[in-house]
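Here is what each chain is made of, one letter per residue.
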Amino acid sequence: MAALAFSVSLFSTNKVRCRRLPCRNAVVTCNLGEPLKYMYNGKPSVPIIGGEQVTFPSFLVSNQHEADPFKKNDTRLRIFSGTANPALSQEIACYMGLELGKIKIKRFADGEIYVQLQESVRGCDVYLVQPTSPPANENLMELLVMIDACRRASAKNITAVIPYFGYARADRKTQGRESIAAKLVANLITEAGAGRVLACDLHSGQSMGYFDIPVDHVHGQVIGDSLIRLGLLLLGLHTDVMNLIGDVRGKVAVMVDDMIDTAGTISKGAALLHQEGAREVYACTTHAVFSPPAIERLSSGLFQEVIITNTIPVAEKNYFPQLTVLSVANLLGETIWRVHDDCSGGYEPYSSLGID
């Protein structure tokens, strides 16, 4: 997989400053079952919900909802969380000023999954938040059973909100007699009863074409897009063959990719950048799969900072000092509002942070 590298000589600071945006309304009160864990350079903290009035960048402000301070009484919109990433689901609901729907999910002794909605969804627009992250097969099956439960409960519209779409790498045939699992998973989600999919940073855009239902593709690589607009010099880093195009000597290099799995490719690229004289190397990714030995490679000293998002939850045992986690809850929450209200998905002026 090819990665992107950026170098910059414009910055004199030694740290990439990243900040999380607060909730959409500054006076929101949410009942959190347990503190949400975030990492700022390896130190967990609890997000502040509420406080002083804040001003959002224009690309995160919805003109449709500025006139409506809160839609807490919008009884036709329901958000339910699977078990894969309940913290992100809670953040999305908090941003939107809603409560998560009540749902019972359990597993029988033989591993079978049981789902029961514990409130009516008849005639409602239902959004099911469930990334198909590891264990991919279990979380995917749970999503399918959730969709089926909503369909049988007479939900009007069912949207599968999939922050991380597993099997996305199996999007084409590279040799004979192999499956295209991305298309198979798309068919399963459609046949289960979903009428729309909301995904974040798909591995390749062609995966959208595998669905026979509308797909809202939210771009989550906020960091990389923002750095480009700040005047960074784009360098080609062909990590498959480890060739570097451009001069990085004495500069800060930023590597951007859609996911980090075992971190083998991105670590080799970082080693090459250091070898070519880069002063510092930063890694930015949307999906932190972090299969072993990713943590050992990322915390080995090659990277000044590793910046990820919370599309996939990171186990506390996998925290390391260079790790920073940013939230995509505001992007997903705003997208849900726009889909629900039949609004355009584009964000200005950063159109690439919007929806395909």
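- As annotated in an unreviewed UniProt entry, the chain carries the name ribose-phosphate diphosphokinase and comes from Rhododendron griersonianum.
- Its UniProt record gives the chain the following Catalytic activity (unreviewed entry) comment, quoted word for word: "D-ribose 5-phosphate + ATP = 5-phospho-alpha-D-ribose 1-diphosphate + AMP + H(+)".
- Database annotation for the chain, UniProt heading Sequence similarities (unreviewed entry): "Belongs to the ribose-phosphate pyrophosphokinase family."

**Things to note about unusual backbone geometry**
Here is step 1: A cis amide bond links Pro134 with the next residue in sequence, Pro135, at an omega value of -5°.
Here is step 2: Tracing the chain through its elements places Pro135 in the loop between β7 (125-129) and α3 (136-152).
Here is step 3: A cis geometry characterises the amide bond from Pro292 onward to Pro293, with omega recorded as 5°.
Here is step 4: Although it is not a glycine, Ser154 adopts a positive phi angle of roughly 70°.
Here is step 5: Relative to the elements of secondary structure, Ser154 occurs in the loop between α3 and β8 (157-162).
Here is step 6: Here the phi dihedral of Arg177 falls at roughly 60°; this positive angle occurs in a residue that is not glycine.

**With respect to the environment of Ile213**
Here is step 1: Mapping Ile213 onto the fold places it in the loop between β9 (196-200) and β10 (215-218).
Here is step 2: By relative accessible area, which is 14% here, Ile213 ends up buried.
Here is step 3: When the C-alpha positions of Ile213 and Ala186 are compared, they lie 9.2 Å apart, and in sequence the two are 27 residues distant.
Here is step 4: Those residues within four positions of Ile213 in sequence are excluded, and the remaining contacts are Thr190, Ala194, Gly195, Arg196 and Val197.

**Some remarks on the pairing of strand β4 (residues 77-81)**
Looking along a regular strand, one sees the side chains alternate between the two faces of the sheet.
Here is step 1: The buried fraction of β4 amounts to five of the five residues, a majority that puts the element mostly inside the structure.
Here is step 2: Along β4, one buried face is formed by Leu77, Ile79 and Ser81 and the opposite face, lined by Arg78 and Phe80, is buried too.

**Some points on the nonpolar core**
Here is step 1: Core analysis: the biggest nonpolar cluster contains 36 residues, and Val126, Leu128, Ile147, Phe165, Ile189, Val197 and Phe211 have the highest contact counts within it.
Here is step 2: Counting residues per element, the ones that place at least two in this core are β6 (113-117), β7, α3, β8, α4 (181-192) and β9.
Here is step 3: Tallying contributions element by element places α3 first for this core, with eight residues.
Here is step 4: Setting aside residues no more than four positions away along its own chain, Val197 makes contact with Ala160, Ile162, Ile189, Phe211, Ile213, Pro214, Val215 and Asp216.
Here is step 5: Listed in part, the 24 residues of the second largest apolar core include Ala253, Ile266, Val281 and Phe303.

**Thoughts on the pattern of salt bridges**
Here is step 1: By the definition in use, this model includes eight salt bridges.
Here is step 2: Here Asp148 and Arg152 are joined by a salt bridge, their closest N and O atoms 2.8 Å apart. Placement of the pair is Asp148 and Arg152 together in helix α3, with a separation of four residues, close to one helical turn.
Here is step 3: Assessed through its relative accessible area of 61%, Arg152 is described here as exposed.
Here is step 4: The partner of Arg169 in a salt bridge is Asp261, with the nearest N and O atoms 3.0 Å apart. Separated by 92 residues along the polypeptide, Arg169 in the loop between β8 and α4 and Asp261 in the loop between β13 (252-260) and α6 (264-275) bring together distant segments of the chain.
Here is step 5: The class for Arg169 is partly exposed, based on a relative accessible area of 39%.
Here is step 6: One network of salt bridges, with partners in common, ties together Arg107, Glu138 and Glu142.

**Some thoughts on the sheet that holds β4**
Note on sheets: strands pair through backbone hydrogen bonds, and any given pair is parallel or antiparallel.
Here is step 1: The five strands lie next to each other as β4-β7-β8-β9-β10, forming an open sheet whose pairing is parallel. Both outer strands of the open sheet, β4 and β10, are each paired with one neighbouring strand and no more. In this sheet, adjacent strand axes meet at a mean angle of 20° when their direction is disregarded.
Here is step 2: Relative to β10, β9 is paired through four bridges, and the arrangement is parallel. In the strand pairing of β10, Cys200 is matched with Val218.

**Considering the side chain of Glu142**
Here is step 1: Within the fold, Glu142 resides in helix α3.
Here is step 2: Within polar-contact distance, the side chain of Glu142 engages the backbone nitrogen of Thr83 at 2.7 Å.
Here is step 3: With residues up to four places along the chain from it excluded, the contact list for Glu142 reads Gly82, Thr83, Ala84, Ile105, Arg107, Ile113 and Gln130.

**A look at the environment of His217**
Here is step 1: Relative to the assigned elements, His217 resides in strand β10.
Here is step 2: A polar atom in the side chain of His217 sits 3.5 Å from the backbone nitrogen of Asp201.
Here is step 3: Reaching out from His217, the side chain makes a polar contact with the backbone nitrogen of Leu202 at a distance of 2.8 Å.

**Some remarks on α4**
Here is step 1: Under the 1.5 Å per step criterion, the end-to-end length of α4 is 16 Å for twelve residues, consistent within 8% with the ideal 16 Å.
Here is step 2: Taken together, the buried positions of α4 are Ala181, Ala182, Val185, Ala186, Ile189, Thr190 and Ala192.
Here is step 3: Elements that come into contact with the buried residues of α4 comprise α3, β8 and β9.
Here is step 4: The positive-phi residue at the C-terminal boundary of α4 is Gly193, with phi of around 130°.

About the criteria used
- For every chain, the first residue of the written sequence is number 1, and numbering continues from 1 along that sequence.
- Only residues with pLDDT of 70 or above have their local features reported here, since the model is predicted, and side-chain atom pairs are shown and tallied only from 80 upward, although totals for entire chains, interfaces and linings are computed over all residues.
- With hydrogens and water stripped out, all remaining heavy atoms of the structure feed into the side-chain values.
- UniProt positions are given in the numbering used here, feature names are shortened, and annotations may be inferred rather than shown by experiment.
- Secondary structure elements are taken from DSSP: a helix is a run of H or I of four residues or more, a strand is a run of E of two residues or more, and numbering for both begins at the N terminus.
- Buried means the residue's accessible area, taken with a 1.4 Å probe over protein chains only, is under 20% of the maximum for its type, while exposed means over 50%, and partly exposed covers the values in between.
- Only heavy atoms enter the contact rule, under which two residues are in contact if any of them lie within 4.5 Å.
- We define the nonpolar core as a collection of buried residues of types Ala, Val, Leu, Ile, Met, Phe, Trp, Tyr and Cys that are connected through side-chain atoms lying within 4.5 Å of one another.
- Note on definitions: salt bridges are taken to be side-chain nitrogens of Lys or Arg within 4 Å of carboxyl oxygens of Asp or Glu.
- Pairing between strands requires that DSSP locate at least two bridges from one strand to the other.
- Lines are fitted to the C-alpha atoms to define the axes, a helix being fitted only along its stretch in contact, and any angle between axes, read from their N-to-C directions, falls within 0 to 180 degrees.
- Nitrogen and oxygen atoms within 3.5 Å of one another constitute a polar contact, given that in protein one can donate a hydrogen and the other can accept it, and given that sequence-neighbouring residues count only through two side-chain atoms.
- The span one expects for a helix is its residue count, reduced by one, times 1.5 Å.

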